[in-house]
Amino acid sequence: MSLWHPFTQMEGFTPLGQVTEAKGAFYHLSDGRRLLDGVSSWWVNNHGHAHPKIAAAIAAQAERFDQVILADFGHSPARKLAEQVAAMLPGDLNHVFYSDNGSTSVEVALKMAMQGNGQGGERPRIVAFTGAYHGDTIGAMSVGERGVFNRPWWPFLFDVDLLPYGDLEAAQVYFTEQGHRCAAAIIEPLVQGAAGMVFSTPEYLASLSALCSNAGAWLIADEVMTGWGRTGSLFAVEQAGVVPDIICLSKGITGGTLPLSVTVARDEVYEGFLGPSKSEAFLHGHSYTGNPLACSAALAALSLFEEENTLNRVAAMESRYRAAMPEFAKLSRVTQLRCRGGIFAFNIAGGEGGYLDPIGKRVTQLALKQGLYIRPLGNVLYLMPPFCVGDEDLQDALGILLDATTQVVQDG
Ligand SMILES: *Cc1c(COP(=O)(O)O)cnc(C)c1O
């Protein structure tokens, strides 16, 4: 028997520990250790582990009904959540299509754009960005940066037009010359996560949105990571005043309790699929589409933003990060110190760079010994714990990260 772990070379692998309980911002392990979850369990857990309100909502729904075939039936968790999501999103992002993870939410968006705006092959191109990560399924990998994450599959991925992330001039040139052949551009707004917490500006996003719209290309915002408060606003696009044609949301939607995602389309996108024949419809779905337990968990999780003043909490985290920055800035090899909302990140210069640079791992190993669990992206270190983390715990985490980084960069 093997438990085959994700993103893991299994040869010689042993897990960091066995989790027996997780509460709030902490993991509890079978050997008695308590670790601060500095990565929100791979960016999904935003309100803290085992939140009683979400747990109660799941339990109550499990007693009412579980899975329902959404092709033929409706049910109140799916309908209420769609209403809630549409109400929280800006503009006329009103049409909610369910799937069950971030990658599939991206597949859905791409397929919608190819069918709805591909014009039967007249607009055969998709624009993606350097450094992009949109998930691990074939379509999602195709619109991602070709790198270590997906090298074995390069020969099988479809070709896209790749623009440098954050470079407005390159986008202007592209859309002027080739925009009429582009069905959609897909972007991680404001922060590219897996690329190494790479930031871009709201102004860039606003200009890109205008370029797409002038060219008749749809803008797909992949907010699988940035959505639900992570960058300080409920959605990153709000900071640019942009309403994308399609938005992908997952990770934090259920507070990190159950897998769920939504791909939400504007009125015009949705209306393009209406017609007398089934062949014009969007013929896509998953077994667990609109799962009632996951929808109930999400309804409870989304209600917390108001009840717990979550966005104020995120703002307080950002202030705490800013206060800690000068100490990190003293380390000469620490570069590109940055924070936005619940994300704090920096790079360590002087190594090989990139995802396979071992230096980040040396820092996280030291941090682990002090009770902080984080996961490096090569030479990029970042902290993004659940928003429920207490201010003292956050200060402790920053202190541990600073000490570990200091030790590693001083060792050379
Ligand atoms: C994590 C992530 C995905 C993929 O989500 P999964 O649930 O892991 O499939 C897609 N896009 C972005 C921006 C992500 O961070």
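In this text the structure is predicted, and so the values were computed from the model without any measurement.

Colleague: How would you explain the overall build of the protein if you had to name every residue and give the values?
Modeller: Secondary structure summary: the protein contains 12 helices and 16 strands in total. For 412 residues, the compact-globule estimate of 2.2 N^0.38 gives 22 Å, and the protein sits close to it at 21 Å. A buried classification covers 53% of the 412 residues belonging to the protein. In the protein, the share of contacts with a sequence separation of at least 24, taken over all contacts with a separation of at least 6, comes to 72%. Accessible surface computed for the protein: about 18,200 Å², of which carbon and sulfur atoms make up 53%. Charge-centre separation for the protein: the mean point of 28 positive side chains lies 4 Å from the mean point of 42 negative side chains.

Colleague: Outline unusual backbone geometry, supporting the account with residue identities and numerical values.
Modeller: Leaving glycine aside, a negative phi is the common case for residues, and trans is the common case for peptide bonds. The phi torsion at Lys251 lies on the positive side, around 25 degrees, for a residue other than glycine. Here Lys251 lies in the loop between strand 11 (246–249) and strand 12 (261–266). Positive phi is not limited to glycine here, since Gln336 has a value of about 50 degrees. With respect to the helices and strands, the residue Gln336 is situated in strand 13 (residues 334–340). Given a relative accessible area of 51%, Gln336 falls into the exposed group.

Colleague: Which residues make up the nonpolar core, and what values do they have?
Modeller: Counting 53 residues, the largest nonpolar core has Met197, Phe328, Phe344, Leu372, Leu383 and Leu401 as its most contacted members. A per-element tally of this core places helix 12 (residues 391–411) first, with nine residues. No fewer than three residues from each of domain 1 (52–307) and domain 2 (309–411) sit in this core. In this structure, Leu372 is in contact with Leu36, Gly38, Ala367, Leu383, Ala397, Ile400 and Leu401, ignoring residues within four places of it in sequence. If you look at the next biggest cluster of nonpolar residues, it comprises 45 residues, including Ile187, Ile253, Leu260 and Ala294.

Colleague: Can you lay out the domain arrangement of the protein for me, pointing to particular residues and giving the numbers?
Modeller: For the protein, the domain assignment lists domain 1 (52–307) and domain 2 (309–411). Relative placement of domain 1 and domain 2: their C-alpha centres are 28 Å apart. Residue-level contacts link 24 residues of domain 1 with 19 residues of domain 2. For the pair domain 1 and domain 2, the summed buried surface comes to about 1,700 Å²; carbon and sulfur atoms form 68% of the total. When residues of domain 1 are sorted by the area they lose upon contact with domain 2, Met197, Phe199 and Arg230 head the list and together hold 40% of the total. Our count for the domain 1 to domain 2 interface comes out at zero salt bridges. Between the two partners, domain 1 and domain 2, sit 11 residue pairs in polar contact (both at pLDDT 80 or more). It is helix 9 (residues 292–307) that provides the largest number of residues to the side of domain 1 that touches domain 2, a total of four residues. For the side of domain 1 that touches domain 2, the per-class residue count stands at 13 nonpolar, eight polar and three charged.

Colleague: Summarise the layout of surface pockets; cite the residues concerned and give the values.
Modeller: Empty space among the atoms becomes visible once a probe the size of a water molecule is rolled across them. When its volume is computed, the largest pocket comes out at roughly 1,300 Å³. Contributing to the lining of the largest pocket are 32 residues, with Thr8, Phe13, Leu16, Tyr373 and Arg375 lying nearest its centre. Among the secondary structure elements, those contributing two or more residues to the lining of the largest pocket are strand 2 (26–29), helix 1 (40–43) and helix 11 (359–369). Along the lines of polarity and charge, the residues of the lining of the largest pocket split into 19 nonpolar, 10 polar and three charged.

Colleague: Please give an account of helix 10 (residues 310–329) that cites residues and values.
Modeller: The first and last C-alpha atoms of helix 10 sit 29 Å apart over 20 residues, in line with the 28 Å expected at 1.5 Å per residue. At Ala323, helix 10 shows its largest bend, some 30 degrees, and a proline, Pro326, comes one to four positions later. Of all the positions in helix 10, only Thr310, Val314, Met317, Glu318, Tyr321, Ala324, Met325 and Phe328 are classed as buried. On the buried face of helix 10, the contacting elements are helix 9, strand 13, strand 14 (343–348), strand 16 (380–383) and helix 12.

Colleague: Outline the sheet that holds strand 2, listing residues and values.
Modeller: Spatially, 1-2-3-15 is the arrangement adopted by the four strands of the open sheet, whose pairing is mixed. Across the chains shown, the open sheet's two edge strands, defined by having one partner strand only, are strand 1 (19–23) and strand 15 (372–373). Here strand 2 pairs with strand 3 (residues 34–37) via three bridges, running antiparallel. Within the sheet, the bridge partner assigned to Phe26 lies in strand 3 and is Leu36.

Colleague: Requested: an account of the site of the ligand, with residues and values cited.
Modeller: Taken together, the neighbourhood of the ligand is formed by Trp43, Asn101, Gly102, Ser103, Tyr133, His134, Gly135, Glu188, Asp222, Val224, Met225 and Lys251. A distance of 3.2 Å separates an oxygen atom of the ligand from a polar side-chain atom of Asn101. Considering the ligand on its own, with 390 Å² of exposed area, one finds that the protein chains cover 84% of that surface. Residue composition of the shell around the ligand, grouped by class: four nonpolar, five polar and three charged.

Calculation rules
- Residues numbered from 1 in each chain as written.
- Predicted model: local features only at pLDDT ≥ 70, side-chain atom pairs only at ≥ 80, totals over all residues.
- Heavy atoms only, no water.
- Helix = DSSP H or I, 4+ residues; strand = E, 2+ residues; numbered from the N terminus.
- Rg over C-alpha atoms; globule rule 2.2 N^0.38 Å.
- Buried < 20%, exposed > 50% of the residue type's maximum accessible area, 1.4 Å probe, protein only.
- Contact = heavy atoms within 4.5 Å.
- Areas by Shrake-Rupley, 256 points an atom, 1.4 Å probe, with all protein chains shown as cover.
- Lys, Arg positive; Asp, Glu negative; His and termini not counted.
- Charge placed at Lys NZ, Arg CZ, Asp CG, Glu CD.
- Core = buried A, V, L, I, M, F, W, Y, C linked by side-chain atoms within 4.5 Å.
- Domains from an automatic or database assignment.
- Buried area = accessible area lost by both parts, 1.4 Å probe.
- Salt bridge = Lys/Arg side-chain N within 4 Å of Asp/Glu carboxyl O.
- Polar contact = N/O pair within 3.5 Å; in protein donor to acceptor, adjacent residues only side chain to side chain.
- Nonpolar A, V, L, I, M, F, W, Y, C, P; charged D, E, K, R; others polar.
- 1 Å grid on protein atoms, 1.4 Å probe; cavity = no way out; pocket = protein on both sides within 12 Å on 5 of 7 lines; lining within 4 Å.
- Points joined across faces, edges and corners; volume = space filled by probe spheres on them.
- Expected span 1.5 Å × (residues − 1).
- Bend = angle between axes of the 7 residues up to and from the residue.
- Pairing = 2+ DSSP bridges.
- Near = heavy atom within 4 Å.

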